[in-house]
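Structural overview
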Amino acid sequence: AALRGRVWQILLGVVNKKANLEVWAEGESALTREDLQVLRADLTRTRQDIPHFKTPQVQSDMEALLTVYCTRRSVKYTQGLNEILAPFFELGLDSTGAIFNAFYALIQKFIPNTLRGHDLKTLRRSLELLRVVLRYHSPRLSNFLEAAGLHPDLYATSWIATLFAGDCAMPVVMAVWDELLLGDDPLLVHFLALSLVLEKEEEIMDAAEDAAACMRQIKFTSCAHVAGRFAEARRLMAATPRAFRRTVHRATIQDQANAEVDALLRLAPVLVISPADIAQGVHGEALVLLDARPSAGFVAAHLAGSHEAAGTGRVDALLRSNVVGGGKHVCVIGAGPASDSDPATAVIAQLLEKGVQHVSLVEGGFPACREAAAVAPGTLKLEGDSLRDGGGGATGAARAFEGLSLLGQTGGKRQEAMKGMMQAFSMTKEASKDLADRTRDVTSSLADRTRDAASDPRVQQAAEKTKSSAISWGKKGFGMLSASISSASTLAREVANEVSGSLDASAPVGGPPAGNSLPGNARFAIEDEDEDDAAGGVALPSGGGTTGEGEEEFQIDTPINVAHWTEKPFTTVVRCRRLGPRGVMLVRYLIVTEKHVMDLEAHATKLNVARLKAWNALADLAKVTLSEEDPEVVTLIFKHKDAAKPRGYIYVVDSDKRQAAADAITDAAERARTDTLHSRWEQKARPSPKASACPPAGVEAAASNDDPFGDFGDFVGGDTSQEASA
């Protein structure tokens, strides 16, 4: 128990953390008299099969901790909190403060908003998401339960609200939470509940009228049963579109855009994905696309590879031809946002009625797909008659080229060619006139709106205020910034010898670190998201991202086209995760160029688009370490000459790709160091301006063309103006 308690504290990030319980206990309690009565009644029923939970001391401690929890979070007591707190009294932790910290951290990690609010809206939203994912994987069982009136709130409320602690024996609860903490993924809770239900699918269907009693008996029975269900939960999670993860995060963990998520859950009959998810597929498997719009719209334009699904008998025909069914992942494209009147609703109803698994709906319908294809044409491709014609101008041009090819013919062929060309020029002229008229109208409208905005006194006042603020910051802010840089540089020089002696830039990849820590004050800083964002794109000596040569900086959060970098020579792109603040895993791209390592945050919905979060010169790479205990962990340590401390980044890369990624980084770093030495040697070899008033031919040109950071010009859109000149 003591070992488990220590491991849980480490995984929850609460080792040696103070709880300050006495401060909160002295303040005014957030619980009313009625809340306290409910709380005390629950404690008399909590784990009464374990003797020490009957003692006044344990019940008093539990009451005090739950009261402090509700006061700190400004919430009412909710039944289920007692069940979550109880297991921590079995860990042998050394104080009630340690118990409270672990209890608090577990809730914050997995169900931070589930038990908040008088109406428990987030809990109800979680149960609705369970219904959605059940319908995705087993529409047969979902239809049966809904027909019987057995909704998730009747059988899964305790699972979600107590993380399965309310229905299981204490050793089983410990096994469940072991797996949850090691998995470090709140989404596992939903898929674990799903795996429990699907395990009893046949028994539930056979029970008929007794299905409700069968559902109430579902729970974990042993530690071995827990391991099997977790394995199935992970398989189900991998077989579900990643859009479901985003929806769960927004609806329960992040607890944002609630009205939007609630409307989507209410109107959409199935799991909803974004257009960008279409190209990604599900677990390496391409989606079968069904276009539910009327035939005329489908013929005019549709996604490449999609099937027309509207009309009588079309769904049956798709089933007979094995286009859908057999466990394939099917995505239905409607005419617009989800609604009862959208044609996609009828197609989805037919698919679910026939028991077709893995049915999803594109959020925003075909208009959203068309927009996504325009933004990222390499990911989604459109087809159709309207696209082949390309409008009047395109059709006219095609006929003109056809006429030119016939001009060499004689007789009737020549007359036919001349007639076709005249028609083409006429069509092109009309299309150009129409385009000119529309452009003139839009330009005039924009000019009017601009004049109106410029004459608005509020706009003028805002401009004057912004100008005054800029002048103030110019006088004060930059002075403070310069002082900070000067102070940091002084500190860096004081520890430079100590740090450089502790880091061996030539250490072999995968070799053990020189020690658990660096001597004295020379600890290296684990870079995290907060530090990146705080840098604001300006590379301070203590902040991520320096060039090492030209001292030129680039803007943090700059959008970057990842697909372009995959095609560049001497460049490696690695999809990975980065260990962020408080143990959060952040989805990342690592781009290793000839001179830099860029850390990019993957866009939530757009493929091959990411934002720059940190960057470092390869010449500053001090060490690459491959963990022997974990086959997926890579640690990069950079030591810039002006930085007070080395900076460390911890990444998780697929085990089969880790060595190749590490080799690419170390090889690029070696080349960068060699190029830097050559560059410095050449600079020393050049005659100084005093020695030669007229430099040799070619030297000036070579210097002007030497752009050590030219590879940063490939941002989204290819506009190098997005670089930040600090």
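Residues numbered from 1 in each chain as written. Predicted model: local features only at pLDDT ≥ 70, side-chain atom pairs only at ≥ 80, totals over all residues. Heavy atoms only, no water.

1. Remarks on the overall build of the protein
Helix and strand counts for the protein come out as 30 helices and 16 strands. Across the protein, every contact between residues at least 6 apart in sequence was considered, and the portion connecting residues at least 24 apart equals 68%. (Helix = DSSP H or I, 4+ residues; strand = E, 2+ residues; numbered from the N terminus. Contact = heavy atoms within 4.5 Å.)

2. Here we look at the sheet that holds strand 4 (residues 307-308)
On the basis of which strands lie adjacent, the open sheet formed by 5 strands has the order 1-6-5-2-4 and parallel pairing. Only two strands of the sheet have a single partner each, and these edge strands are strand 1 (271-273) and strand 4. Sheet strands touched by helix 21 (residues 343-353): strand 2 (288-291), strand 5 (330-333) and strand 6 (359-362). Its angle to strand 5, the strand with the most contacts, is close to 155°. (Pairing = 2+ DSSP bridges. Axes fitted to C-alpha atoms, helices over the stretch in contact; angles between N-to-C directions.)

3. Some thoughts on the packing of helix 7 (residues 121-137) against helix 12 (residues 188-199)
Look at helix 7 against helix 12: their axes get within 10 Å of each other, and the N-to-C directions meet at 50°. As the angle between them shows, helix 7 and helix 12 are arranged oblique. Here the hand of the crossing between helix 7 and helix 12 comes out right-handed. Each of Ser 126, Leu 129, Leu 130, Val 133, Leu 134 and His 137 in helix 7 lies in contact with helix 12, whose residues at this interface are His 190, Phe 191, Ala 193, Leu 194, Val 197 and Leu 198. Its residues assigned to classes, the contact of helix 7 with helix 12 comprises 9 nonpolar, 3 polar and no charged. (Parallel < 35°, antiparallel > 145°, perpendicular 65-115°, else oblique. Left-handed = near helix turned anticlockwise from the far one by under 90°. Nonpolar A, V, L, I, M, F, W, Y, C, P; charged D, E, K, R; others polar.)

4. Notes on helix 1 (residues 2-12)
Of the positions making up helix 1, those classed as buried are Gly 5, Trp 8, Gln 9 and Leu 12. When helix 1 is viewed along its axis, its buried side chains cluster within an angular range of 100° and face the same direction. In helix 1, those exposed residues whose orientation departs by more than 90 degrees from the buried face are Leu 3 and Ile 10. Residues of helix 1 that are buried in the fold lie against helix 6 (96-110) and helix 11 (170-183). At the C-terminal side of helix 1, Gly 13 shows a positive phi close to 70°. (Buried < 20%, exposed > 50% of the residue type's maximum accessible area, 1.4 Å probe, protein only. Arc of directions from axis to C-beta.)

5. Here we look at the packing of aromatic side chains
The final tally for this structure, using the stated rule, is 13 aromatic pairs. Centre to centre, the rings of Phe 191 and Phe 244 are 5.7 Å apart; their planes meet at 80°, and the pair counts as edge-to-face. With Phe 191 in helix 12 and Phe 244 in helix 16 (residues 243-253), the pair connects residues that are 53 residues apart, well separated along the chain. Using a relative accessible area of 1% as the deciding quantity, one classes Phe 191 as buried. (Phe/Tyr/Trp six-rings, centres within 6.5 Å; stacked < 30°, edge-to-face > 60°.)

6. Let's talk about the packing of helix 1 against helix 11
Between helix 1 and helix 11, whose axes approach to 10 Å, the crossing angle comes to 35°. Two packed elements cross with a definite hand, and for helix 1 against helix 11 that hand is left-handed. Across the interface between the two elements, Arg 4, Trp 8, Leu 11 and Leu 12 from helix 1 touch Met 174, Trp 177, Asp 178, Leu 181 and Leu 182 from helix 11. Among the residues making up the contact of helix 1 with helix 11, the classes are represented as 7 nonpolar, no polar and 2 charged.

7. So, the confidence of the model for the protein
On average, the protein scores 75 in pLDDT, and the residues at 70 or more come to 69%. Low confidence marks residues 472-553, where pLDDT is under 50. Its contacts with residues over four positions away, or in another chain, come to 138 contacts. (pLDDT = per-residue confidence, 0-100.)

8. Digging into the side chain of Arg 229
Summarising the element assignment, Arg 229 is placed in helix 15 (residues 223-238). A distance of 2.9 Å separates the side chain of Arg 229 from the backbone oxygen of Ser 195, its partner in a polar contact. In this structure, Arg 229 is in contact with Leu 192, Ser 195, Leu 196, Glu 199 and Phe 220, ignoring residues within four places of it in sequence. (Polar contact = N/O pair within 3.5 Å; in protein donor to acceptor, adjacent residues only side chain to side chain.)

9. A word on the environment of Ala 243
Structurally, Ala 243 can be placed in helix 16. Spatially, the C-alpha atoms of Ala 243 and Val 272 are 7.1 Å apart, while their sequence positions differ by 29 residues. Contacts of Ala 243, omitting those with residues within four sequence positions, involve Val 272, Ile 273, Ser 274 and Asp 277.

10. Some points on the pattern of salt bridges
This model, assessed by the stated rule, comprises 21 salt bridges. Residue Asp 178 is joined to Arg 4 by a salt bridge in which the shortest nitrogen-to-oxygen separation is 2.7 Å. Linking Asp 178 in helix 11 with Arg 4 in helix 1, this pair joins segments that are 174 residues apart in sequence. Note that Asp 599 and Arg 588 form a salt bridge whose closest N and O atoms lie 2.6 Å from each other. With Asp 599 in strand 12 (residues 596-602) and Arg 588 in strand 11 (residues 585-592), the pair connects residues that are 11 residues apart, well separated along the chain. Taken as a pair, Asp 599 and Arg 588 share a single burial class, namely buried. (Salt bridge = Lys/Arg side-chain N within 4 Å of Asp/Glu carboxyl O.)

11. Considering the side chain of His 225
With respect to the helices, strands and loops of the structure, His 225 is situated in helix 15. His 225 sits in the buried class, given a relative accessible area of 15%. In this structure, His 225 is in contact with Leu 196, Glu 199, Lys 219 and Phe 220, ignoring residues within four places of it in sequence.

12. Regarding the pairing of strand 12
Across the 7 residues that make up strand 12, a large majority, 6, are buried. The antiparallel hairpin formed by strand 11 and strand 12 contains 3 residues in its connecting segment. Hairpin connection between strand 12 and strand 13 (residues 609-617): a loop of 6 residues separates the two successive antiparallel strands, and Asn 608 in this loop has a positive phi of roughly 60°.

13. As for the pairing of strand 10 (residues 572-579)
As paired elements, strand 10 and strand 11 share 8 bridges and run antiparallel to each other. Each residue of the ladder has a partner; that of Val 574, found in strand 11, is Leu 590. Both strand 10 and strand 16 (residues 647-652) contribute to a ladder of 2 bridges, which runs antiparallel. Pairing of Arg 577 across the sheet is with Val 652, part of strand 16.

14. Details of the nonpolar core
Side chains of nonpolar character tend, in soluble globular proteins, to be buried together. Phe 88, Phe 103, Val 176 and Trp 177 are the most contacted members of the largest nonpolar core, which totals 111 residues. It is helix 6 that provides the largest number of residues to this core, a total of 10 residues. Beyond its immediate chain neighbours, meaning those up to four positions away, Phe 88 contacts Trp 8, Leu 12, Leu 93, Ile 99, Ala 102, Phe 103, Leu 106 and Trp 177. (Core = buried A, V, L, I, M, F, W, Y, C linked by side-chain atoms within 4.5 Å.)

15. Re a nonpolar patch on the surface
On the surface, Leu 3, Val 7, Leu 11 and Leu 182 cluster together to form a nonpolar patch covering roughly 380 Å² of accessible area. With 3 residues, helix 1 is the single largest residue contributor to the nonpolar patch. With respect to the secondary-structure elements, Val 7 resides in helix 1. With a relative accessible area of 35%, Val 7 lands in the partly exposed category. (Patch = residues over 30% accessible without salt bridge, like charges linked within 9 Å, V, L, I, M, F, W, Y side chains within 5 Å. Areas by Shrake-Rupley, 256 points an atom, 1.4 Å probe, with all protein chains shown as cover.)

16. Brief notes about unusual backbone geometry
In this structure, Arg 47 is a non-glycine residue whose phi angle is positive, near 50°. Although it is not a glycine, Phe 164 adopts a positive phi angle of roughly 70°. Here Phe 164 is to be found in the loop between helix 10 (157-162) and helix 11. On the accessibility criterion, Phe 164 (2% relative accessible area) is buried.

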